[in-house]
Each structure stands twice: as structure tokens, then as C-alpha cells.
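Each chain, written out:
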Amino acid sequence: MNYRKKIVIAIVLVVFFIGAAFSGYVYWAIFSPNTSFETPTVSVYIPSDTNYDRLKNTLSPHLLNADSFFKVARQKGYLNSVRGGKFVLSKGMNNNEIINVLRSKPSTISLSFNNQERLEDLAIRVAGQIEADAESLLMAFKDTTFLSKNGFNVENALSMYLPNTYDFFWNTSAEKFRDRMLKEYHKFWSPERLAKAENLGLSPLEVIHLAAIVHKESVKSSERPRVAGVYLNRIKKGMKLQADPTVIFSIKYQSGDFAQVIKRVLYKDLKIDTPFNTYLYSGIPPGPIFMPDISAIEAVLNPESHPYLYFVADTQNFGFHIFAKTLQQHNNNKKQYVNWLNNKSISR
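Residues numbered from 1 in each chain as written. Predicted model: local features only at pLDDT ≥ 70, side-chain atom pairs only at ≥ 80, totals over all residues. Heavy atoms only, no water.

Examining the environment of Ser 173
Let me state the cut-off plainly: Numbering goes from the N terminus for both helices and strands, where a helix is a DSSP run of H or I of at least four residues and a strand is a run of E of at least two.
The residue Ser 173 is located in the loop between β4 (164–169) and α8 (174–188) in this model. Each C-alpha atom of the pair Ser 173 and Glu 131 lies 7.2 Å from the other, and the pair is 42 residues apart in sequence.

A word on the nonpolar core
Test applied: Here, nonpolar core means buried Ala, Val, Leu, Ile, Met, Phe, Trp, Tyr and Cys residues that are tied together by side-chain atoms lying within 4.5 Å of each other. Think of it in three bands: residues with accessible area under 20% of the maximum for their type are buried, residues over 50% are exposed, and the middle band is partly exposed, with areas taken using a 1.4 Å probe on protein chains only. Any pair of residues with heavy atoms lying within 4.5 Å of one another is described as a contacting pair.
By size, the foremost hydrophobic cluster in this structure holds 60 residues, and its most contacted members are Phe 113, Leu 137, Tyr 161, Phe 177, Leu 210 and Tyr 231. At 8 residues, helix α10 (residues 204–217) tops the list of elements feeding residues into this core. Setting aside anything within four residues of it in sequence, one finds Phe 113 in contact with Leu 122, Arg 125, Val 126, Tyr 161, Leu 162, Pro 163, Asn 164, Tyr 166, Phe 177, Met 181 and Met 291. One finds Ile 46, Leu 59, Ala 66 and Phe 70 within the second-largest nonpolar core, a separate group that totals 21 residues.

Describing the packing of helix α5 (residues 119–127) against helix α6 (residues 134–141)
Using the following cut-off: Here an axis means a line fitted to C-alpha atoms, over the contact stretch when the element is a helix, while the angle between two N-to-C directions is reported on a 0 to 180 degree scale. Should an angle fall under 35 degrees it is called roughly parallel, over 145 degrees roughly antiparallel, and 65 to 115 degrees roughly perpendicular, with every other angle called oblique. Put simply, a crossing is left-handed when the front helix is turned counterclockwise from the back one by less than a right angle, and right-handed when it is turned clockwise.
With their axes 8 Å apart at the nearest point, α5 and α6 run at an angle of 135° to one another. Looking at the two axes, α5 sits oblique to α6. When you trace α5 past α6, the crossing you get is right-handed. For the pair α5 and α6, contact is made by Leu 119, Glu 120, Leu 122, Ala 123, Ile 124, Val 126 and Ala 127 and by Ala 134, Leu 137, Leu 138 and Phe 141, respectively.

Remarks on α10
Note that an α-helix has 3.6 residues per turn; residues three or four places apart therefore point the same way. For clarity, the threshold we go by: By this rule, a helix spans an expected 1.5 Å times one less than how many residues it contains.
Compared with the 20 Å implied by 1.5 Å per residue over 14 residues, the 20 Å span of α10 between its first and last C-alpha is a close match. Most of α10 is tucked away: 11 of the 14 residues are buried. Among all positions in α10, only Leu 205, Val 207, Ile 208, His 209, Leu 210, Ala 211, Ala 212, Ile 213, Val 214, His 215 and Glu 217 are buried.

No statement about biological role is implied by the geometric values presented.
If you want it as C-alpha cells, here you go:
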């Protein structure tokens, strides 16, 4: 009888210690810290429709024990419902907390862009910040059905993208990014701005196309309303805009080489036949030669009222310009700029 009691007691003790060990393992696996990074937080980016191997490659560098995490993740059913996006993990999190974060709503990223010359450049810039790649973004940007439906075409589509910083989910698709930008475009064109454009006799697209020229002409936002006033005065008088930046764009447009740097416009360049060359064609170009800053758009909508029709770079005050009312005055002002170019041996 005593022998049997000892056996029972031994079995009970074994079961107890096994249970205690198992409970300890479960506690350790679920509730012990399992992050390997030393920074307060780390952001992980989980691709949409990710598979097990990609998920493991994404998370493992940030875990002390990847095996324990994935065992817990499997037990909690997380591996059957992985969602893509950006997730922020905190130092010292345990497996349970990490899984809770990965199951929660993804964090947003601050996406910014400005001063892009073409849709291709914009696609590359955006692709570096969200999951969608440049190719899919460019296809979305140039989707003729979308453009036609919303009053755009391939030549003026860049006008829809207003430079700024926006909150996005990292795993935003190309189409959703484009659609959000359309909403931001319509939001920007408030009744007040639309009224100002109408008073100028311009459409919103024409305002942006002209703003692109104004932006290229002056790096000084304080001077842009005056530059805008010059071009609006020319439009009122039926003059051609004759803007050098449109010639530079035309050179790139015709050659297909947008990487080239052109510091001087030659007389022969004025004859380059593209619809963007404002020396050759009257009116505002059919599309933007550049993505203008908001300050340039506001400069066109709120131009300085003055009698000037001409301007040229001021070599004594770089970044600014000398303005003139008459062509004779302008030609006199122009001499200092031409002499400066020659002295610097700038031939192109």
C-alpha cells in the first residue's frame, strides 16, 4: 500500500512539474520580451498578400526568437489573417503584444513630393515611399479612361498632382493614390480660387500651366506675383508669352533627354516646334512644363498689378529680376545679363 502511494505521488509530482514547465514555457513564449532592436521603436513594412517566407524575412531581423514568435502567431491564428501595411513595434514588446499590433490598423506614412518635371519623375518619387511600384503608378497616371472622365489628358495630367505632404497607408495601391490626388485637387480649387481664376479669364488648368512658367522663372516666392503680372499683362495685350523655360522644356521634350542641363537659350532654340514653345505659339502651353509650388499657383491667382511687360535676370542681385515697361528698356537691361553669360563662358 505504501509502495502504491509512492507511485501515485511520484506520478502526481511528475505531472505537476511537467505542467509547471509547460506553463512556464507558454508564459515565456507569449509574455517575455522578444524584440532585438535597441531603438525605442522600429517600423516594419509588410507587403500586401505576403506569404510565410516573406513575412518571416520581414519580421525576423527585429525578433530575439523568431521561432517562438511564429509558434505563438500560428496558435493565435494570425498567420491566417496577415494584413499588409506599416506597423510600429516598441522595444521590449512580447509576442502577444507584437501580434496585437500587427492585427491592428496599420500606421500611416507622410508622403511628400514637389518640383517633378514629368509623370515619370513623379511615379519614381512616389514609388520610393509606398508599396506601389513606379510602373503601376505611371500606368494609373496615364490611364486615358480616368483622364478623360475627369477632364485631363496625358499632356496636362501632371497638373492634378499638387505638391505637398500627405498621410497615406504604406500599402496604398497606384489607383488609390491617384484617386486621392484627384480629391486633393478638387479640394484645393475652392470657390474662392475658382472665382479668382475666372476673373483672370483662366481655367484652373491654365492657372497651373502658367504657374509652372512663373515658378521656373523665379526662385524667389516673393517675386513670383510680379512675374505672374508680366505674363498676365502680355496675355491681355495679345502678346506671346515668350518664356525661356518653355523653350528649355521643348528642347528636352523633342530630344527625349530630360536629364540634360541647359543654362542658356540660343536664338535657334526659339524655333523648336513643340506645342510648349511660347515663342512659336500664342497662349498658355497645353500642359505644365514643371510641377509648380503652391506659392507659384497663388502668385498667378493673386498677381501684382503693374505696367511691366518684360524682365531679365539681375546679375547684381542673383535670384531676382529687372523689370521693364518697354522693349527698348528691356534690351538695355538685357545687356548686363548677356555680358555676364559671355564672361562666364556659358554657351549652353
